[in-house]
Structure formats: structure tokens, C-alpha cells
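Chain and residue survey
Residue strings, one per chain:
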Amino acid sequence: MLPNRNIIVIDLKSFFASCECVERKIDPFSIDLVVANPNQGNGAITLAITPHLKAQGVKSRTRLYDIPKNIKYTIVPPRMSLYLKKSKEVIDIYLDYVAMEDLHVYSIDEAFLDLTNYLKMYKKTDYEMAETIMADITKKTGLTATCGIGPNMLLAKIAMDTEAKKYKNGIAKWTYDDIKDKLWTIEPLSKMWGIGSRMEKRLNTLGIYSVGELANYNKLKLKDKFGIMGEELWNHANGIDLSIISDYKVKPRTESFSHSQVLFKDYNGDNVKIIISEMIDVICARLRTSHKQVSIIGLGIGYSKNI
């Protein structure tokens with residue numbers, strides 16, 4: 001039997017940029033502001049932009065030189081300490097409503113809450129609780145959010161990603177009855193949570209271009225082609241997600257440290273060694289602070305051009 005819980009997922013709108021606006025007491029929905037490193041020049045990548053910039057067609061992650069010249073915007077440097085502080089404030093609000101075991105912090109600006117055991121206590125529906133929590137976030141932090149509601153984590157997340165922004169209050173609720181009309185109509189496949197561009201291309205070679213086509217594809221053939229991932233893809237395309245928030249409370253057997261850096265210009269063979277050396281220094285400092293010893297080391301490099 002499929003789980004039928006009351007799951008909500010809340011995402012803070014344009015989080016980094018909104019934090020900067022809140023600190024400056026300005027409205028992120030009426031100002032053009034970019035969070036980026038001004039020392040990197042016009043090639044710097046934006047870490048975040050305000051909703052007002054998004055409304056003008058500017059992408060969230062873009063280089064400054066790609067922003068139309070006719071748009072006058074303010075650049076502010078990123079402040080991770082501020083964003084972590086604001087994130088903690090929001091998490092504390094969630095914990096005013098649910099216990100820690102019913103909260104899964106997905107990222108610095110996104111979290112899942114299982115409201116199933118709280119509706120009778122609060123005498124509210126899941127939709128009403130979502131409205132209450134989001135209003136509390138805005139009142140106490142100045143930040144705004146979007147929210148998805150569903151019978152499982154998957155449908156709640158996809159409802160938020162694909163539909164919530166269409167509504168004035170930023171809330172979208174899906175049930176299992178919405179699978180055929182809403183989930184199956186999603187295309188291209190990369191718009192589906194959990195399907196990246198590479199997997200999309202591999203599925204396209206099988207003649208699968210929409211979530212509905214994936215849902216109606218032979219499950220065994222998908223499993224033969226992609227292993228366990230193929231079965232999971234089929235399940236998700238049919239709105240099936242048996243995971244629960246407590247699954248994410250298990251401490252991993254192994255721990256990893258990582259550090260990445262996006263370069264704002266092309267580097268040659270000599271200069272890139274300096275960059276890698278600096279990144280190693282950062283990782284080693286974190287390892288020493290945590291009193292950890294490494295068993296496996298990995299290095300990945302992406303390129304700005306096809307070479």
C-alpha cells in the first residue's frame with residue numbers, strides 16, 4: 001500500500017539575494033541585486049539574484065557579462081556566515097512546529113517536514129499549516145518561500161518545483177490523483193526531480209521524452225538497462241516514493257570532505273596547478289581541524305569548452 005502522509009517541503013526564495021536585501025531593508029521583489037564576487041570582474045558567476053531580476057529573464061546562475069546591458073544592478077559579495085545564520089533562524093521556526101525526527105534539512109534553503117502526526121494537535125489541514133509556517137517565516141525573518149504538499153516526499157517536491165510558483169501564496173498540493181494529469185505531462189525529463197541532463201539523453205535514446213512515457217515503459221527493461229536506478233526511475237515516474245524522513249536520520253558509515261571552485265576565466269597548465277594546490281590546502285586544513293585521516297582522494301575537472 002502506498003504511503004499517504006502529509007509531507008510539505010519549503011524552499012526559501014532566492015535565498016542568498018533575499019538575505020542581503022533583508023539586511024539592507026530593501027524589497028527583493030522590486031530591486032535588481034546580484035550576489036557575486038566583484039573582484040572577479042565581469043566574468044564572475046552570480047551565486048544568486050533577486051526575484052525582480054528573474055522576472056526580467058535573467059538566469060539564477062549566470063556570468064555577469066550575460067546580464068543585459070540595459071539592466072542596472074547592484075553587486076554584493078557573498079556572506080556565508082549571514083546565510084547560515086538566517087538558515088538556522090528558519091530551522092528554529094520549523095522546530096516550533098515539528099520534532100527534529102520529522103524534519104529533514106535538504107539544503108541551506110530547503111527542508112521537508114512530516115506533518116502527519118501534528119494535524120489533530122494543531123486542528124489544521126496540511127495546507128493551513130503550510131500557510132501558517134510560511135507566514136511565520138516571513139514575519140520573523142523577512143524571507144519568503146514556496147511550498148509543495150504531497151502524500152510522499154517525491155510528490156511534495158515536484159509539486160513545489162513545477163507548480164508552486166504559479167500561485168500567489170506559493171503553495172501547491174498534489175495527491176496520487178494528480179499523477180496522470182500533472183506528473184506525467186512533465187517534459188523535458190530533466191525538469192523532473194532526480195533526472196539530470198545525462199540521464200535525460202540516455203532515456204531519449206530509448207524513445208522516452210516525457211515522464212508519462214517513462215512511467216509506461218517496461219519496468220524490467222529499465223532495470224536491465226540502468227540497474228536499481230532504472231527501477232527507481234520507473235517508480236518515481238509513477239509517483240511512488242517509499243522513503244520517509246527518518247531514513248535520512250541514519251548516520252553514514254563513511255564521511256567525506258569536498259571543496260569545489262568555479263573559475264571565472266580560462267587557466268593554462270601552470271596556473272591551474274596553483275588553484276589545485278590552494279584547494280588542497282583548504283581541504284587539509286578542514287581535515288586537521290576535524291582530526292580526520294583520508295583513505296580515498298578524488299579530483300574532478302570540468303571544462304568551459306569541448307576539447
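Further remarks concern the pattern of salt bridges. For the coordinates displayed, the defined rule picks out 14 salt bridges. Among the ionic pairs, Glu89 bridges to Lys85, the shortest N-O distance being 3.0 Å. Taken together, the residues Glu89 and Lys85, both in helix α3 (residues 80–97) and four residues apart, mark about one turn of the helix. Judged by relative accessible area, which is 25%, Glu89 ranks as partly exposed. The shortest N-O distance in the salt bridge between Glu231 and Lys219 comes to 3.9 Å. Taken as a pair, Glu231 in helix α11 (residues 228–237) and Lys219 in helix α10 (residues 219–226) lie far apart in primary sequence, 12 residues in all. It is possible to trace a salt-bridge network through shared partners that takes in Glu20, Arg24 and Arg79.

A few words now on the packing of α10 against α11. At their nearest, the axes of α10 and α11 sit 6 Å apart, and the two run at 140° to each other. Judged by the inter-axis angle, α10 sits oblique to α11. For the pair α10 and α11, the crossing hand works out as right-handed. Seen from α10, the contacting residues are Lys219, Leu222, Lys223 and Phe226; seen from α11, they are Ile228, Met229, Gly230, Glu231, Trp234 and Asn235. Looking at the contact of α10 with α11 residue by residue, the classes come out as five nonpolar, two polar and three charged.

A word on the packing of aromatic side chains. How two aromatic rings sit relative to each other is set out by the distance from centre to centre and by the angle between their planes. Going through the model one piece at a time under the given rule, you end up with seven aromatic pairs. Plain terms: the ring middles of Tyr106 and Trp193 are 5.9 Å apart, the flat faces sit at 80° to each other, and that makes the pair edge-to-face. Taken together, the residues span a long stretch of sequence, with Tyr106 in strand β5 (residues 103–107) and Trp193 in the loop between α7 (179–183) and α8 (197–204) at a distance of 87 residues. Linked through ring pairs, Phe15, Phe16 and Tyr83 together constitute an aromatic cluster.

Right, let's talk about the sheet that holds strand β4 (residues 74–76) for a bit. Judged by pairing direction, the sheet is mixed, and its three strands sit side by side in the order β3-β2-β4 without closing on themselves. The sheet is open, and its two edges are formed by β3 (48–49) and β4, each paired on a single side. In the sheet, strand β2 (residues 33–35) pairs with β3 via two bridges, with the strands oriented antiparallel. Bridge assignment links Val34 to a residue of β3, and that residue is Ile49. Its contacts with the sheet put helix α1 (residues 15–24) on β2, β3 and β4, and the angle it makes with β2 is roughly 120°.

A few words now on a positive patch on the surface. On the surface, a cluster of positive charge is contributed by Lys54, Lys165, Lys166 and Lys191. The exposure class of Lys54 is partly exposed, given its relative accessible area of 37%.

Further remarks concern the sheet that holds β5. In space, the five strands of this open sheet follow the order β5-β6-β1-β7-β8, with mixed pairing throughout. Each edge of the open sheet is held by one strand with a lone partner, namely β5 and β8 (171–173). When the angles between neighbouring strand axes are averaged without regard to direction, this sheet yields 15°. Direction of pairing for strand β1 (residues 7–12) relative to strand β7 (residues 145–150): antiparallel, over a ladder of six bridges. Looking at β7, one finds that Ile7 is bridged to Gly150. α3 rests against β1, β5 and β6 (110–114) of the sheet, and its axis sits at about 160° to β5.

Definitions and limits used
Residues numbered from 1 in each chain as written. Predicted model: local features only at pLDDT ≥ 70, side-chain atom pairs only at ≥ 80, totals over all residues. Heavy atoms only, no water. Salt bridge = Lys/Arg side-chain N within 4 Å of Asp/Glu carboxyl O. Helix = DSSP H or I, 4+ residues; strand = E, 2+ residues; numbered from the N terminus. Buried < 20%, exposed > 50% of the residue type's maximum accessible area, 1.4 Å probe, protein only. Axes fitted to C-alpha atoms, helices over the stretch in contact; angles between N-to-C directions. Parallel < 35°, antiparallel > 145°, perpendicular 65-115°, else oblique. Left-handed = near helix turned anticlockwise from the far one by under 90°. Contact = heavy atoms within 4.5 Å. Nonpolar A, V, L, I, M, F, W, Y, C, P; charged D, E, K, R; others polar. Phe/Tyr/Trp six-rings, centres within 6.5 Å; stacked < 30°, edge-to-face > 60°. Pairing = 2+ DSSP bridges. Patch = residues over 30% accessible without salt bridge, like charges linked within 9 Å, V, L, I, M, F, W, Y side chains within 5 Å. Areas by Shrake-Rupley, 256 points an atom, 1.4 Å probe, with all protein chains shown as cover. Lys, Arg positive; Asp, Glu negative; His and termini not counted. Charge placed at Lys NZ, Arg CZ, Asp CG, Glu CD.

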